[in-house]
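Summary of the model geometry
Residues per chain are reported as follows:
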Amino acid sequence: MKRILFALLACCSVAGAEERRSGLLDMRPEAQAMQRDDSMNPGMLWVLDGEALWGRKPTTAGHSCADCHGDAPGSMRGVAARYPAIDQASGSAIDLAGRIIQCRETRQASAPLSRESQELLALTSFVAHQSRGLPIAPPHDAGMRATREVGQRLYMTRMGQIDLSCAQCHDDHAGRRLAGSIIPQGHPTGYPIYRLEWQAMGSLQRRLRGCMNGVRAEPFAYGSAEFIAIEAYLMQRARGMVLETPAIRP
């Protein structure tokens, strides 16, 4: 299977990948137009749901997101560009979705939101959307450097029955075509994203799990330290690139 995959990669044309580029530029013009027009972008439905949830008070005692953070466009602008980050309470790295889960539990006395739930995707999309157009700016602290190093090792590690690493596809063969589709550089510029394949929004971790399933590896658990480390490395790798949330991909 691995030989077949590399044969496909070798015989297909190369679309130069010397410079960093968003996966947006690898899509058909009509898909690009769909992302750029909010009235056509289906991901905006999740953003709007998140906006409604932002101001909604919980049924039990507690606060709404707006009670603590105020107007989201003002208070949340730039936040998504800085995650994952170190959680001061635990000393461990946490992603944006994990921070939202944590806030809901401590401030709203609510049941935990599950990963990939519609409510969590909506709130994460809404918060990330406030940073659309801003450059990715990962934190510089020592804790995150250590986390990124773990993520880089995982990114470079061959895994699964097909024995492939993330780097072999998204670094070594980015810009080539596989089964008719361009292999993107894999920059996390638009998560949560709406994938046409899914017909729904999904997180970066869902996409990573899909890649791991594709190489026949056992996926890490949602919210795991491994996934957060990979996400931290990918954000560092994309430093300075512009956030697009909600992005659309094939």
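See the structure above.
Residues numbered from 1 in each chain as written. Predicted model: local features only at pLDDT ≥ 70, side-chain atom pairs only at ≥ 80, totals over all residues. Heavy atoms only, no water.

So, the environment of Arg20
We count it as follows: Strands here mean DSSP runs of E at least two residues long; helices mean DSSP runs of H or I at least four residues long; both are numbered from the N terminus. Whether a residue is buried, partly exposed or exposed follows from its accessible area with a 1.4 Å probe, protein chains only, as a fraction of its type maximum: under 20%, in between, or over 50%, in that order. Contact definition: two residues touch when any of their heavy atoms are within 4.5 Å. Here a polar contact is taken to be a pair of N or O atoms separated by no more than 3.5 Å, where protein atoms must pair a possible hydrogen donor with a possible acceptor and residues adjacent in sequence count only if both atoms sit in side chains.
For Arg20, the location among the structural elements is in the loop between helix H1 (2-11) and helix H2 (29-36). Relative accessible area serves as the criterion here: at 45%, Arg20 is assigned to the partly exposed category. For the pair Arg20 and Gly186, spaced 166 residues apart in sequence, the C-alpha to C-alpha distance is 9.7 Å. Beyond its immediate sequence surroundings of up to four residues, Arg20 is in contact with Gln185, His187, Arg237, Ala238, Arg239 and Met241. From its side chain, Arg20 meets the backbone oxygen of Arg237 in a polar contact 3.1 Å long. There is a polar contact of 2.8 Å between the side chain of Arg20 and the backbone oxygen of Arg239.

Let's talk about the layout of surface pockets
By rolling a water-sized probe across the atoms, one finds the places where empty space is left. For the record, the criterion: The pocket and cavity definitions rest on a 1 Å grid over protein atoms only: a 1.4 Å probe that fits but cannot leave marks a cavity, an open set with protein on both sides within 12 Å along at least five of seven lines marks a pocket, and residues lining either have an atom within 4 Å of a point. Grid points are joined across faces, edges and corners, and a volume is the space filled by probe spheres set on the points. Here the term charged refers only to Asp, Glu, Lys and Arg, the term nonpolar to Ala, Val, Leu, Ile, Met, Phe, Trp, Tyr, Cys and Pro, and the term polar to all other amino acids, Gly among them.
Approximately 1,400 Å³ is the volume attributed to the largest pocket. As for the largest pocket, its lining consists of 49 residues, and the residues nearest its centre are His170, Ile183, Pro184, Arg207 and Cys211. Within the residue set of the lining of the largest pocket, elements represented by two or more residues are helix H9 (166-172), strand S3 (177-178), strand S4 (181-182), strand S5 (193-195), helix H10 (204-214) and helix H11 (225-237). In terms of residue count, the dominant contributor to the lining of the largest pocket is H10 (seven residues). The computed volume of the second largest pocket comes to approximately 320 Å³. Residue lining of the second largest pocket: 19 residues in total, with Trp54, His69, Arg99, Ile100 and Cys103 positioned closest to the centre. Of the residues forming the lining of the second largest pocket, the biggest block, seven residues, is contributed by helix H6 (residues 96-107). For the lining of the second largest pocket, the per-class residue count stands at eleven nonpolar, five polar and three charged.

Topic: the sheet that holds strand S6 (residues 200-202)
This is how the line gets drawn: Strand pairing is assigned whenever DSSP detects at least two bridges linking the two strands. Only the stretch in contact is used when fitting a helix axis, every axis being a line fitted to C-alpha atoms; angles between N-to-C directions are given from 0 to 180 degrees.
With mixed pairing, the three strands of this open sheet are ordered in space as S6-S5-S7. Pairing within the sheet leaves two strands with one partner each, and these edge strands are S6 and strand S7 (247-249). On average, each strand axis in the sheet is inclined to that of its neighbour by 35 degrees, with strand direction left out of account. The pairing of S5 with S6 spans three bridges and is antiparallel. Counterpart to Arg195 in the pairing with S6 is Ala200.

Notes on the packing of helix H8 (residues 142-156) against H11
Quick note on the threshold: Roughly parallel means an angle under 35 degrees; roughly antiparallel, over 145; roughly perpendicular, 65 to 115; everything else is oblique.
Contact geometry for H8 and H11: axes closest at 7 Å, N-to-C directions at 95 degrees. Judged on the interaxial angle alone, H11 and H8 are roughly perpendicular. Contacts from Met144, Thr147, Arg148, Val150, Gly151, Gln152, Leu154, Tyr155 and Met156 in H8 reach Glu226, Ile228, Ala229, Ile230, Ala232, Tyr233, Leu234, Gln236 and Arg237 in H11. Here the residues of the contact of H8 with H11 are counted per class, giving eleven nonpolar, four polar and three charged.

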